[in-house]
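Structure assessment
Chain residues, written in single-letter form:
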Amino acid sequence: MIRFYYNLSPNPMKVALCLEEMGLPYEPVPVDARRGEQFEPAYTALNPNGKVPTIADGDVTVFDSNAILLYLAGKTGRFLPEGEAVRSEMLSWLMFVATGIGPFSGQCVHFRHFAQDGGAYATERYAFEARRHWDILDRRLADRAYMLGETYTIVDMAVWGWARMVPFILGESAFADLPNVKRHLDAVNARPAAQAAEALKGRHTFKAEMDAEARSFMFRAVPSAA
């Protein structure tokens, strides 16, 4: 039984989708970031970076969402493309999500929705970079059903985790300019595994308020956050 340490943010949700797609038995273990549970010693012993997700599979511990996707795909031999050339494409796009889509989208959300002191330069920079990365994905999906062609892979799972949040990241009308990302999202949403992953929302309760306590854990580099 895999122990899956998670909350409902994009990176853990892509792993939830992967676990469901692969039919692997797992126990979801909630980690409430707004209560600081990611910094408790028992958790940082598993993930020194103090973030979710993490999985514990017997004696094997893996953290960082895309590393987990690769581990699970290797464990099961599923949702991996065949052939060296396509495997190279897979790694490139998986890392594009890990180093581009995720970080820039996350910073865009922070400065648009949570930064208390405005920060017009930072807001504009991260909104521009987030949108630029999503535009690249939209062009990639213009002539193919999935990220690597006609075959659904772990790259699509990685994209799905973040694509669910596009209106919150870029604004409510963002999908109008990202029709191929929206089509891809709808296709993945229609899969039973995606519906099972979304059902995790009813399994545990996470703190919803971004109050002083939550800010002190989420934005520890900002002295005024507390």
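Here's a quick rundown of the structure. (Residues numbered from 1 in each chain as written. Predicted model: local features only at pLDDT ≥ 70, side-chain atom pairs only at ≥ 80, totals over all residues. Heavy atoms only, no water.)

1. Here we look at the pairing of strand β2 (residues 26-30)
Condition: For two strands to count as paired, DSSP must find a minimum of two bridges between them. A helix here means a DSSP run of H or I that spans at least four residues, while a strand means a run of E at least two residues long, and both kinds are numbered starting from the N terminus. Whether a crossover is right-handed comes down to one check: with the strands pointing away from the viewer, does the path from the first strand over the helix to the second run clockwise; if it does, it is right-handed.
Where strand β1 (residues 2-6) and β2 come together, 5 bridges link them in parallel fashion. What sits directly across from tyrosine 6, in β2, is proline 30. Remark: the β1/helix α1 (residues 10-22)/β2 crossover connection has right-handed handedness.

2. Things to note about the pattern of salt bridges
Put simply, the rule is: Salt-bridge detection follows one rule: a side-chain nitrogen of Lys or Arg within 4 Å of a carboxyl oxygen of Asp or Glu. Relative accessibility decides the category of a residue: with a 1.4 Å probe and only protein chains considered, values under 20% of the type maximum give buried, values over 50% give exposed, and everything between is partly exposed.
Throughout the structure, instances matching the rule amount to 14 salt bridges. Across the salt bridge formed by aspartate 143 and arginine 144, the nearest N and O atoms sit 3.2 Å from each other. Look at aspartate 143 and you get exposed, because its relative accessible area is 59%. Measuring nitrogen to oxygen at the nearest pair gives 2.9 Å for the salt bridge that ties lysine 182 to aspartate 186. In this pair, lysine 182 and aspartate 186 are both assigned in helix α8 (residues 179-189), 4 residues apart and thus about one turn of the helix distant. Salt bridges sharing common partners tie together Arg131, Asp135 and Asp177.

3. A look at the packing of α1 against helix α6 (residues 154-163)
Angle between the axes and distance between the axes are the two parameters that describe a pair of packed helices. Inclusion rule: The axes used here are C-alpha line fits, helices contributing only the stretch in contact, and every angle between their N-to-C directions lies in the interval 0 to 180 degrees. Roughly parallel means an angle under 35 degrees; roughly antiparallel, over 145; roughly perpendicular, 65 to 115; everything else is oblique. Less than a right angle of anticlockwise turn of the near helix away from the far helix marks a crossing as left-handed, whereas a clockwise turn marks it as right-handed. Residues are treated as being in contact if the distance between any of their heavy atoms lies within 4.5 Å. Three classes are used: nonpolar for Ala, Val, Leu, Ile, Met, Phe, Trp, Tyr, Cys and Pro, charged for Asp, Glu, Lys and Arg, and polar for all others, with Gly counted as polar.
Where α1 contacts α6, the axes come no closer than 8 Å and their chain directions differ by 140 degrees. Our classification of the angle between α1 and α6 gives oblique. With respect to the hand of their crossing, α1 and α6 are arranged in right-handed fashion. Every residue of α6 that contacts α1 at Pro10, Asn11, Met13, Lys14, Leu17, Cys18, Glu21 and Met22 is listed here: Ile154, Met157, Ala158, Trp160, Gly161 and Trp162. When the residues that make up the contact of α1 with α6 are grouped by side-chain class, the tally is 10 nonpolar, 2 polar and 2 charged.

4. Thoughts on the layout of surface pockets
Rules: Grid spacing is 1 Å over the protein atoms alone, the probe is 1.4 Å, and a cavity is where that probe fits but cannot get out, while a pocket is an open set with protein on both sides within 12 Å along at least five of seven lines and lining residues have an atom within 4 Å of a point. Grid points are joined across faces, edges and corners, and a volume is the space filled by probe spheres set on the points.
What the largest pocket holds in volume is close to 1,700 Å³. Ser9, Pro10, Asn11, Trp162 and Met218 are, among the 47 residues lining the largest pocket, the residues nearest its centre. Looking at the lining of the largest pocket, the elements with two or more residues in it are α1, α3 (65-76), α4 (84-114), α7 (166-170) and α10 (212-218). In terms of residue count, α4 provides more of the lining of the largest pocket than any other element does, 9 residues in total. For the lining of the largest pocket, the class distribution of residues is 24 nonpolar, 13 polar and 10 charged.

5. Some thoughts on the packing of aromatic side chains
Each pair of aromatic rings is reported with the distance of its centres and the angle of its planes. What counts is decided by this rule: Aromatic pairing here means that ring centres of Phe, Tyr or Trp (its six-membered ring) are within 6.5 Å. Orientation follows from the plane angle: under 30 degrees is stacked, over 60 is edge-to-face, and everything else is tilted.
Overall, the coordinates contain 10 aromatic pairs when judged by the stated rule. Both rings, one in phenylalanine 111 and one in tyrosine 126, keep their centres 5.6 Å apart while their planes meet at 0 degrees; by these two values the pair is stacked. Taken together, the residues span a long stretch of sequence, with phenylalanine 111 in helix α4 and tyrosine 126 in helix α5 (residues 120-140) at a distance of 15 residues. Judged by its relative accessible area of 22%, phenylalanine 111 is partly exposed. One aromatic cluster is present, built from ring pairs that chain together Phe4, Tyr6, Tyr26 and Phe206.

6. What about α4?
Applicable threshold: Here a helix's expected span is defined as the number of its residues, less one, multiplied by 1.5 Å. To get the bend at any residue, fit one axis to the seven residues that end at it and another to the seven that begin at it, then take the angle between the two axes.
Spanning 31 residues, α4 covers 43 Å between terminal C-alpha atoms, matching the ideal 45 Å at 1.5 Å per step. The largest bend along α4 reaches roughly 35 degrees and is located at valine 97.

7. Comments concerning the pairing of strand β4 (residues 60-63)
For strand β3 (residues 54-57) and β4, the ladder comprises 4 bridges, and the chain directions are antiparallel. Across the sheet, the residue bridging to isoleucine 55 is valine 62, located in β4.

8. Here's the deal with the nonpolar core
Put simply, the rule is: Think of a nonpolar core as a cluster: buried Ala, Val, Leu, Ile, Met, Phe, Trp, Tyr and Cys residues, connected wherever their side-chain atoms sit within 4.5 Å.
Counting 62 residues, the largest nonpolar core has Phe4, Leu17, Leu72, Trp134, Leu137 and Ile154 as its most contacted members. Per-element tally for this core: the top contributor is α4, with 10 residues. For leucine 72, the residues in contact, after removing those within four places along its chain, are Ile2, Cys18, Leu19, Met22, Leu24 and Ile55. In terms of nonpolar packing, the next biggest core, distinct from the first, is built from 6 residues, Tyr5, Val31, Tyr43 and Ala56 among them.

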